[in-house]
Amino acid sequence: MEIETLVKKQRAYFEKGKTRNVQWRIAALKTLKKSILDHEEEINQALALDLKKSPFETYMCETGMVLSELSYMIRHLRGFSREHTVYTPLAQFHARSFTSSQPYGVVLVMSPWNYPFMLSMEPLIGAIAAGNCVVVKPSAYAPATADVIDRILRECFAPHFVSVVKGGRRENTRLLDQKFDFIFFTGSVSVGHLVMEKASANLTPVCLELGGKSPCIVDKTANLPLAARRIVFGKYLNLGQTCVAPDYLFVQEDVKEKLLFEIEKCIRKQFGADPLSNPDYGKIINEKHFQRLLGLMEKGTIRIGGETKTETLQIAPTVLTDILPSDPIMGQEIFGPLLPVLTFHDISEVITYVNRHEKPLALYLFTGRRSTARRVLENTSFGGGCINDTIIHLATSQMGFGGVGGSGMGSYHGRDSFELFSHKRSIVKKYTWMDMPIRYQPYTGWKNFLLRIFVR
């Protein structure tokens, strides 16, 4: 089906009003959940083909998170959808004031290749829950997963409600030339600029989930063995191809060598003596990104790892020292299994460095001091993060996830997803049995007196 025709058919279907029924939305979410469970093995196989993900990692980071979000949304959707009464000022007596959430209409979800199933399905869940029709555009870099997503959604829904458009830049451009009511994009900052530029032509609201250089900070009071274990997990999960992976490490000078020793131990323990032979160790998505990462390894000293395997597009977990802020690896989001290490003497140096660069999507701090944690949180701006851990802040439907500034705009997961894909209307229902004359002309003295009483 032509993209223009598809969008028109979805708009015509939305205007019929069927998606506004809350029970109908819940049934749609239940249908999607059952289909995902039925196709779980196909999802595993697709992610193994695209990214060499193990079944365990696929469930932990993709399928399991989607199923959890579906369960949460099904359980809470009626409550999210209710009208919410708010206080009515005395000056508006007698009336009822309330807010009411309405779907935008036809929305576009554009997803990336690094978590291609989860980052397609989670925003889709929010869009369906809010009552929208949806066009899903998976990444062309993960074709096997895009095929599975297409099969699942064709099985669950008619294309005039939810549809998948596969393809590359040509299809992306044609989609962005359409008038959608909302656009949700996850991906690089450069493409995020293009999405926002295209959306502005129609004044279409957007949610941009981007990335950036997320710092990981370790001071001398941290539990170093635990910090190392959690940093290694967060950094090398999916070979570092995670938007919230620790991008670079800032460690206090006093404990640099101790921490690097612990990190090396943890890499060996988690991935084995030869990570490139580990069947559960993934791969870089394609040759282009593989070569880009090799270029980033040319500056600095390879302290840990550095082994590569061209035929399988793999790079071992790598730690680089003797890095300068001006080096290429510090000038772009790494998105790979390379961890550059910088040192600091006082935490103020780190705060200054972070604040002089684009606001990161995530920040991770390992410290044993509450005062340090409070100081960093109060004096830096970032999308979200953890104290004494990495990545796990996004693995819950109880909190929203999103960026700020250069790392994105908008927040989703759980209630935030429902609200993101909804327009909240403010409504006053005025009763007719009484009509206070104070607001009508002529504005006499006694009206002025009463007005000042009412509006205080």
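Shown above is the structure to which this text applies.
Rules and cut-offs
- Residues numbered from 1 in each chain as written.
- Predicted model: local features only at pLDDT ≥ 70, side-chain atom pairs only at ≥ 80, totals over all residues.
- Heavy atoms only, no water.
- Helix = DSSP H or I, 4+ residues; strand = E, 2+ residues; numbered from the N terminus.
- Rg over C-alpha atoms; globule rule 2.2 N^0.38 Å.
- Buried < 20%, exposed > 50% of the residue type's maximum accessible area, 1.4 Å probe, protein only.
- Salt bridge = Lys/Arg side-chain N within 4 Å of Asp/Glu carboxyl O.
- Pairing = 2+ DSSP bridges.
- Axes fitted to C-alpha atoms, helices over the stretch in contact; angles between N-to-C directions.
- Contact = heavy atoms within 4.5 Å.
- Polar contact = N/O pair within 3.5 Å; in protein donor to acceptor, adjacent residues only side chain to side chain.
- 1 Å grid on protein atoms, 1.4 Å probe; cavity = no way out; pocket = protein on both sides within 12 Å on 5 of 7 lines; lining within 4 Å.
- Points joined across faces, edges and corners; volume = space filled by probe spheres on them.
- Nonpolar A, V, L, I, M, F, W, Y, C, P; charged D, E, K, R; others polar.

Novice: Outline the overall build of the protein, listing residues and values.
Specialist: When you go through the protein residue by residue, the secondary structure sums to 15 helices and 18 strands. Its C-alpha radius of gyration of 25 Å places the protein within 12% of the 23 Å reference for a compact globule of 456 residues. When its C-alpha atoms are laid out on the principal axes, the protein stretches across 80 × 55 × 40 Å. By residue count, 54% of the 456 residues in the protein fall in the buried class.

Novice: I'd love a proper account of the pattern of salt bridges, names of residues and values included.
Specialist: Enumeration according to the criterion identifies 18 salt bridges in this entry. The residue Arg-96 makes a salt bridge to Glu-83 at a minimum N-O spacing of 3.3 Å. A residue pair is termed long-range when its members are at least 10 positions apart, and Arg-96 in strand β2 (residues 95-103) and Glu-83 in the loop between α4 (55-81) and β1 (84-86) qualify at 13 residues. Given a relative accessible area of 25%, Arg-96 falls into the partly exposed group. Of the residues examined, Glu-83 reaches a relative accessible area of 43% and is grouped as partly exposed. Here Asp-147 and Lys-166 are joined by a salt bridge, their closest N and O atoms 2.7 Å apart. With a gap of 19 residues between them, Asp-147 in helix α6 (residues 143-156) and Lys-166 in the loop between β5 (162-164) and α7 (169-176) connect regions that are remote in the sequence.

Novice: Lay out the sheet that holds strand β13 (residues 318-321) with the relevant residues and their values.
Specialist: The sheet built from seven strands is open, its strands ordered β10-β13-β14-β9-β8-β15-β16 with mixed pairing. Both edges of this open sheet fall to β10 (301-304) and β16 (384-387), since each of them pairs with a single strand only. Averaged over all pairs of adjacent strands, the angle between strand axes in this sheet comes to 25 degrees, irrespective of strand direction. In this structure, strand β15 (residues 362-366) lies alongside β16, joined through four bridges in parallel fashion. Paired with Ala-362 across the strands is Gly-384, a residue of β16. Helix α10 (residues 256-271) contacts β8 (215-218), β9 (248-252), β10, β13 and β14 (338-344) of the sheet and is inclined by roughly 60 degrees relative to β10.

Novice: Describe the side chain of Lys-213, and please don't skip the residues or the numbers.
Specialist: Within the secondary structure layout, Lys-213 lies in the loop between β7 (206-209) and β8. A distance of 2.3 Å separates the side chain of Lys-213 from the side chain of Asp-247, its partner in a polar contact. Among the polar contacts listed, one links the side chain of Lys-213 to the backbone oxygen of Gln-332, at a separation of 2.6 Å. Filtering out sequence-adjacent residues up to four positions away, Lys-213 remains in contact with Asp-247, Tyr-248, Ile-329, Met-330, Gly-331, Gln-332, Glu-333, Ile-334 and Pro-360.

Novice: Residues and numbers for the environment of Ile-347, please.
Specialist: Examined against the element boundaries, Ile-347 turns out to sit in helix α12 (residues 347-355). It is 42 Å that separates the C-alpha atoms of Ile-347 and Leu-203, two residues lying 144 residues apart in sequence.

Novice: For empty space enclosed by the protein, give the residues involved together with the corresponding values.
Specialist: Going through the model one piece at a time under the given rule, you end up with one cavity of 30 Å³ or more. Space inside the largest cavity adds up to approximately 40 Å³. Lining the largest cavity, in full, are Gly-212, Lys-235, Gly-240, Thr-242, Cys-243, Ala-245, Pro-246, Asp-247, Glu-333, Phe-335 and Gly-336. By residue class, the composition of the lining of the largest cavity is four nonpolar, four polar and three charged.

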